[in-house]
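Structural description and commentary
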Amino acid sequence: MIHKPNIPTRRILTFPAVHPCETIAPATLLASLICLCRSACDYRSKSFGSSNARNARQTIRQVGNLLILLQEIRFSAVPDSILLGLSELHFTLQKVVYLLDDCTRDDGVRIWMLMESDRVANHFRVLVREMATALEVLPLEALDLPCEAMEVAELVTRQARETRFRVGAEAQAAMATVLAILSRFESGEVPDRGEVKRVLDYIGVKKWSDCYREVNFLDSEIEFHYSNNKEMRRELQLLSSLLGFASYARCVLFDSVDGKSDPPVHCEGESRDDELLGSLDGDDFRCPISLEIMRDPVTIETGHTYERCSILKWFRAGNATCPNTGNKLSSTEFVPNVALKQLIQRYCLANGIPFVDSSRKARDITRTAAAGSLAAEFAMKAAARFLADKLLGGDYKWRNRSAYEIRLLSKTSIFNRSCLVEAGVIPALLELLSSEEDDGSCQENAIAALLNLSKHSRSKALIAENGGLRFIVDMLKKGVKVEAARQHAAATLFYLSSVEEYRKLIGETTEAISYLVEMVKEANYRGEKNALVAIYGLLMHSGNQWRVLASGAVPLLLDVLISSDRHELVTDSLAVLATLAEKPEGAKAIIRCGALPQVVRILAAANPSATMEHCVCLLLAISINGGEDVVAYLVRSPSLMGSLYSQLSEGTSRASKKAGALIKVLHEFYERTSSTSKATVLPRERFVHAW
């Protein structure tokens with residue numbers, strides 16, 4: 001009945017109140033109303049945003065008076081006729097508590113709440129008057145209330161009608177200053193730093209980390225509106241302009257970074273993240289049906305949890321049982337497992353695993369190809385020029401600081417990358433990679449920034465033209481004192497390898513492939529994964545295959561298949577092996593290492609679809625390029641044909657196609673070699689080809 005406002009999924013200035021149940025007992029409803037009033041009154045001790053602090057405190061006083069009245073009503077005989085009025089009052093008070101909570105939030109909403117001051121004041125006005133309306137329809141005369149209680153009811157009603165809810169003069173001046181700054185940006189002018197600082201001081205953004213949260217909040221709001229409310233163009237433009245303003249302020253006003261992320265939030269009763277995540281196994285988060293890490297877990301009546309789309313497919317196929325237990329279900333309904341979903345998100349973040357919420361539209365980064373507004377466009381260009389100047393002419397502290405800002409700005413925005421590249425940051429970032437005064441953090445920030453920028457088409461050419469390939473390859477070795485720098489370097493090589501010319505140049509760069517293979521050997525998850533995908537990208541150039549074979553990669557990859565408990569690493573290793581096996585030299589190297597039995601075992605086991613796909617591709621390539629002895633071995637493998645037929649019907653389209661081709665190879669071999677034997681090794685009844 002009582003709805004707490006601190007719900008992480010609730011958007012700012014939205015009030016998801018619900019009406020009480022029609023059959024609720026009057027005493028229960030009154031008790032819930034009193035709790036809501038007390039919750040609202042608890043906000044007296046909290047700090048409100050400057051623009052609506054007076055309005056919030058006036059509302060709390062009104063609720064306090066209402067609380068006195070409700071406590072008197074509780075001691076009276078409450079007739080059923082009062083339920084409708086109390087229900088409406090309950091509905092309104094829920095929204096009041098949500099609004100008060102929004103006015104005290106400190107998670108990056110300050111500049112947005114400033115610009116929404118008029119809207120917030122109007123919310124207070126409407127809600128307080130709704131409280132008065134609900135009181136007016138209450139049949140208080142039917143209750144045996146003391147005169148003092150009736151006077152309180154009249155006071156609340158009268159004050160609700162008379163109280164004015166206005167935005168203060170200081171808040172109006174601050175809003176006008178923000179709009180003037182945005183107007184200067186639109187005109188192509190750089191605003192006065194003093195004006196920008198005065199606005200931030202007024203709303204309480206005193207540190208870099210405060211501004212960081214403002215940027216993150218505005219970006220998330222833009223993403224929401226882009227996905228759900230594209231028609232709200234004016235609001236989107238204002239949000240984009242404010243994002244440009246906040247990003248510019250973060251780059252220009254703060255001399256130091258006081259925190260690189262939001263402070264961790266620990267809820268009561270939860271273990272700390274490090275202790276909790278350290279004890280978890282990623283396999284615990286896999287759906288028992290799809291064997292993929294769950295993105296939208298739901299729980300059925302048996303208490304078992306599955307990926308939403310997988311269990312829906314199971315039910316739609318006519319199955320009314322629990323896939324895990326086989327027990328018959330009385331209902332196929334399920335509930336979202338929010339706690340598990342949040343835990344999976346934290347686990348994926350801590351382990352560098354991409355997490356896409358399948359219950360929401362995937363983030364469409366193409367919307368960041370444009371700035372969103374004229375003010376945002378110039379603000380970003382001004383910030384990029386400022387950072388480029390600091391990279392070239394600042395001291396070590398500012399160069400490191402600038403590299404970190406570039407790293408953040410280029411992470412998810414195509415337009416930001418374009419502005420930074422245009423400002424000329426790439427040569428300066430490459431120079432930082434060889435800095436002698438670095439303690440490791442500057443190299444890490446520079447290579448992470450280059451990794452993000454390498455996703456921009458022009459950046460690849462600029463990196464290569466400025467000798468960046470050599471610098472980045474050197475980071476695979478020199479970045480050993482900062483392991484993250486090596487991981488970023490490997491990932492950067494992967495993006496650069498998307499261009500044929502650079503695949504060739506990287507392969508020809510001394511020890512590039514050897515360093516990547518060495519990273520696979522070191523068994524650091526993120527480094528190992530980035531190195532594997534980089535090697536896979538480089539293999540798209542046929543001339544790099546012998547280099548990968550000469551570096552001793554095949555035995556290492558087989559070791560990953562045997563010993564790794566990470567499905568992602570097994571999948572990536574199989575992808576590299578499958579690419580190597582497309583040439584006879586690679587296929588023979590894989591056969592010599594004795595990989596075939598392990599690959600067949602992986603295909604026979606329950607594994608994610610991507611793993612199975614690469615298994616089938618590898619076996620097909622080996623059977624074509626490895627000689628008849630390999631095909632003979634596969635024909636004699638008892639579990640193989642069942643696994644291949646499963647892929648025909650249940651695998652990805654590519655796996656199904658490759659499985660069909662491999663089945664054909666095995667059957668053709670069997671036809672040639674079994675003319676003297678009547679025994680059938682291969683199951684004909686499920687084979688799709690005539691023979």
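Residues numbered from 1 in each chain as written. Predicted model: local features only at pLDDT ≥ 70, side-chain atom pairs only at ≥ 80, totals over all residues. Heavy atoms only, no water.

Digging into the overall build of the protein
Formally: Only runs of H or I of at least four residues qualify as helices and only runs of E of at least two qualify as strands under DSSP, and these elements are numbered from the N terminus. Here's how the labels work: a residue is buried when its accessible area is under 20% of the maximum for its type, exposed when over 50%, partly exposed in between, all with a 1.4 Å probe on protein chains only. The contact rule is simple, with two residues in contact once any of their heavy atoms fall within 4.5 Å. Per-residue and other accessible areas follow the Shrake-Rupley method at a 1.4 Å probe size, with only the shown protein chains counted as cover for residues.
From N to C terminus, the protein includes 33 helices and three strands. In the protein, which comprises 691 residues, the proportion classed as buried is 51%. A sequence separation of at least 24 residues applies to 73% of the contacts in the protein between residues at least 6 apart. Of the roughly 32,000 Å² of accessible surface on the protein, 51% is carried by carbon and sulfur atoms.

Notes on the side chain of Arg-286
Quick reminder of the rule: Polar contact is the term for a pair of N or O atoms within 3.5 Å; when the atoms are in protein, one must be able to donate a hydrogen and the other to accept it, and sequence-neighboring residues count only if both atoms are side-chain atoms.
Topologically, Arg-286 is positioned in the loop between α11 (273-278) and β1 (297-299). A relative accessible area of 11% means that Arg-286 is categorised as buried. A distance of 3.5 Å separates polar atoms of two side chains, one belonging to Arg-286 and the other to Glu-568. Look past the residues within four positions of Arg-286 in its chain and what remains in contact with it is Leu-291, Glu-292, Ile-293, Met-294, His-567, Glu-568 and Pro-608.

Quick word on the layout of surface pockets
This is how the line gets drawn: Definitions used throughout: a 1 Å grid over protein atoms alone; a cavity as a set of points that fits a 1.4 Å probe which cannot get out; a pocket as an open set with protein on both sides within 12 Å along at least five of seven lines; a lining residue as one with an atom within 4 Å of a point. Grid points are joined across faces, edges and corners, and a volume is the space filled by probe spheres set on the points.
Put simply, the second largest pocket is a space of about 790 Å³. Lining the second largest pocket are 27 residues, with Ile-289, Ser-290, Lys-313, Ser-609 and Glu-650 sitting closest to its centre. Taken together, the elements giving at least two residues each to the lining of the second largest pocket come down to α12 (308-316), α29 (596-604), α30 (609-625) and α32 (640-650).

Brief notes about the packing of helix α2 (residues 53-74) against helix α6 (residues 147-162)
Two measures define how a pair of helices packs: the angle their axes make with one another and the distance between the axes. To keep things clear, this is the line we draw: Angles run from 0 to 180 degrees between N-to-C directions of axes, and those axes are lines fitted to C-alpha atoms, restricted for helices to the stretch in contact. Roughly parallel means an angle under 35 degrees; roughly antiparallel means over 145; roughly perpendicular covers 65 to 115; every other angle is labelled oblique. Each crossing is labelled by how the near helix is turned from the far one, with a counterclockwise turn of less than a right angle marking it left-handed and a clockwise turn marking it right-handed. Throughout, the ten residues Ala, Val, Leu, Ile, Met, Phe, Trp, Tyr, Cys and Pro are labelled nonpolar, Asp, Glu, Lys and Arg are labelled charged, and all others, Gly among them, are labelled polar.
Running from amino to carboxyl end, α2 crosses α6 at an angle of 150°, the nearest separation of the two axes being 9 Å. With respect to α6, the axis of α2 lies roughly antiparallel. With respect to the hand of their crossing, α2 and α6 are arranged in left-handed fashion. Taken together, the residues of α6 that come into contact with α2 (itself represented by Gln-62, Asn-65, Leu-66, Ile-68, Leu-69 and Glu-72) are Ala-149, Val-152, Ala-153, Leu-155, Val-156, Gln-159 and Ala-160. When grouped by side-chain class, the residues that make up the contact of α2 with α6 number nine nonpolar, three polar and one charged.

Observations regarding the packing of helix α26 (residues 553-563) against α29
Packing of α26 against α29 brings their axes to within 10 Å, and their N-to-C directions diverge by 40°. With respect to each other, α26 and α29 are oriented oblique. For the crossing formed where α26 meets α29, the hand is left-handed. Here α26 contributes Leu-558, Leu-561 and Ile-562 to the contact with α29, which in turn contributes Gln-598, Val-599 and Ile-602.

Some words on the sheet that holds strand β3 (residues 335-336)
Rule in force here: By definition, two strands form a pair when at least two bridges between them are found by DSSP.
Read across the open sheet, the three strands follow the order β2-β1-β3; overall the sheet is antiparallel. The sheet is open, and its two edges are formed by β2 (305-307) and β3, each paired on a single side. Where β1 lies against β3, two bridges are found, and the strand directions are antiparallel. If you follow Val-298 over to β3, its bridge partner there is Pro-336.

Observations regarding unusual backbone geometry
You will see that Leu-13, though not glycine, has its phi angle at about 60°, which is positive. Of note, Leu-13 is situated in the segment before α1 (26-41). The exposure class assigned to Leu-13 is buried, which follows from its relative accessible area of 5%.

A look at α6
Threshold: Helix span, as expected, comes to 1.5 Å for every residue beyond the first. Think of the arc as the fan of directions from the helix axis to the C-beta atoms.
Its 16 residues give α6 an end-to-end C-alpha distance of 22 Å, which sits within 8% of 22 Å, the value for a rise of 1.5 Å per residue. Within the span of α6, buried status applies to Ala-149, Val-152, Ala-153, Val-156, Thr-157 and Ala-160. Down the axis, α6 shows its buried residues gathered within 130° of arc, on one side only. For α6, the exposed residues set more than 90 degrees away from the buried face come down to Cys-147, Glu-148, Glu-151, Glu-154 and Glu-162.

Section: the packing of aromatic side chains
The following threshold applies: Stacked, tilted and edge-to-face pairs are distinguished by plane angle, under 30 degrees for stacked and over 60 for edge-to-face with tilted covering the rest, among Phe, Tyr and Trp rings (Trp via its six-membered ring) whose centres lie within 6.5 Å.
Under the criterion given, the structure shown has six aromatic pairs. Ring centres of Phe-185 and Phe-378 lie 6.4 Å apart, and the angle between their planes is 50°; this geometry places the pair in the tilted category. Remark: Phe-378 occurs in helix α14 (residues 374-393) and Phe-185 occurs in helix α7 (residues 169-186); sequence separation between them is 193 residues. Each member of the pair, Phe-185 as well as Phe-378, is classed as buried.

A closer look at the environment of Met-131
Relative to the assigned elements, Met-131 resides in helix α5 (residues 117-136). The class of Met-131 is buried, set by a relative accessible area of 1%. Along the primary structure Met-131 and Leu-93 are separated by 38 residues, whereas in three dimensions their C-alpha atoms are 7.7 Å apart. Dropping the residues within four chain positions of it, Met-131 is found in contact with Gln-62, Val-63, Leu-66, Leu-89, Thr-92, Leu-93 and Val-96.

Some words on the pattern of salt bridges
Cut-off, in case you're wondering: Salt bridge, as applied in this entry: a Lys or Arg side-chain nitrogen positioned within 4 Å of an Asp or Glu carboxyl oxygen.
Counted according to the given criterion, the structure contains 25 salt bridges. Note that Lys-521 and Glu-518 form a salt bridge whose closest N and O atoms lie 3.6 Å from each other. Taken as a pair, Lys-521 and Glu-518 lie in helix α23 (residues 512-521) at a separation of three residues, close to a single helical turn. Overall, Glu-518 belongs to the partly exposed group, its relative accessible area being 34%. If you follow the salt bridges from partner to partner, you end up with Asp-102, Arg-105 and Asp-107 in one network.

Focus: the side chain of Thr-509
Its place among the elements puts Thr-509 in the loop between α22 (500-508) and α23. Among the residues examined, Thr-509 registers a relative accessible area of 14% and is labelled buried. Residues contacting Thr-509, with those up to four places away along its chain left out, are Arg-470 and Val-473.

So, the nonpolar core
For clarity, the cut-off: Think of a nonpolar core as a cluster: buried Ala, Val, Leu, Ile, Met, Phe, Trp, Tyr and Cys residues, connected wherever their side-chain atoms sit within 4.5 Å.
The biggest cluster of nonpolar side chains holds 200 residues, and the ones touching the most others in it are Leu-70, Leu-429 and Leu-644. Membership of the second largest hydrophobic core comes to 16 residues, among which are Ile-293, Leu-329, Leu-340 and Leu-343.

Overview of the state of the cysteines
Our working rule: The disulfide definition used here is simple: a pair of cysteine sulfur atoms within 2.5 Å.
Per the stated rule, a full pass over the model turns up zero disulfides. Distance from the sulfur of Cys-251, which forms no disulfide, to the nearest cysteine sulfur (Cys-211) is 8.6 Å. With no disulfide of its own, Cys-615 has Cys-617 as its nearest cysteine by sulfur position, at a separation of 9.4 Å.

Things to note about the environment of Leu-556
Relative to the assigned elements, Leu-556 resides in helix α26. For Leu-556, a relative accessible area of 18% puts it in the buried group.

Focus on a negative patch on the surface
Inclusion rule: Patch rule: a residue counts if its relative accessible area is over 30% and it has no salt bridge; like charges are joined within 9 Å, and nonpolar side chains (Val, Leu, Ile, Met, Phe, Trp, Tyr) within 5 Å. When charges are counted, neither His nor the chain ends are considered; positive counts come from Lys and Arg and negative counts from Asp and Glu. By convention, the point assigned to a charge is CZ for Arg, NZ for Lys, CD for Glu and CG for Asp.
Among the surface-exposed residues, Glu-72, Glu-148, Glu-151 and Glu-154 lie close enough to one another that they form a single negatively charged patch. It is α6 that contributes the most residues to the negative patch, three residues altogether. Classification of Glu-154 as exposed rests on a relative accessible area of 52%.

Let's talk about the confidence of the model for the protein
Detailed reading of the predicted model is not advised wherever pLDDT is low. For the record, the criterion: Scored from 0 to 100, pLDDT records how confident the predictor is in each individual residue.
For the protein, mean pLDDT is 84; residues scoring 70 or higher make up 87% of the total. Between residues 1-8, whose pLDDT stays under 50, and residues either more than four places distant or in other chains, the model counts 20 contacts. Confidence drops under a pLDDT of 50 for residues 678-691, and excluding neighbours within four residues, the segment shows 24 contacts in the predicted structure.

Digging into a positive patch on the surface
Taken together, the side chains of Arg-54, Arg-57, Arg-61, Arg-129, Arg-164 and Arg-166 define a basic patch exposed on the protein surface. Of all the elements, α2 adds the most residues to the positive patch, at three residues. A relative accessible area of 51% means that Arg-166 is categorised as exposed.

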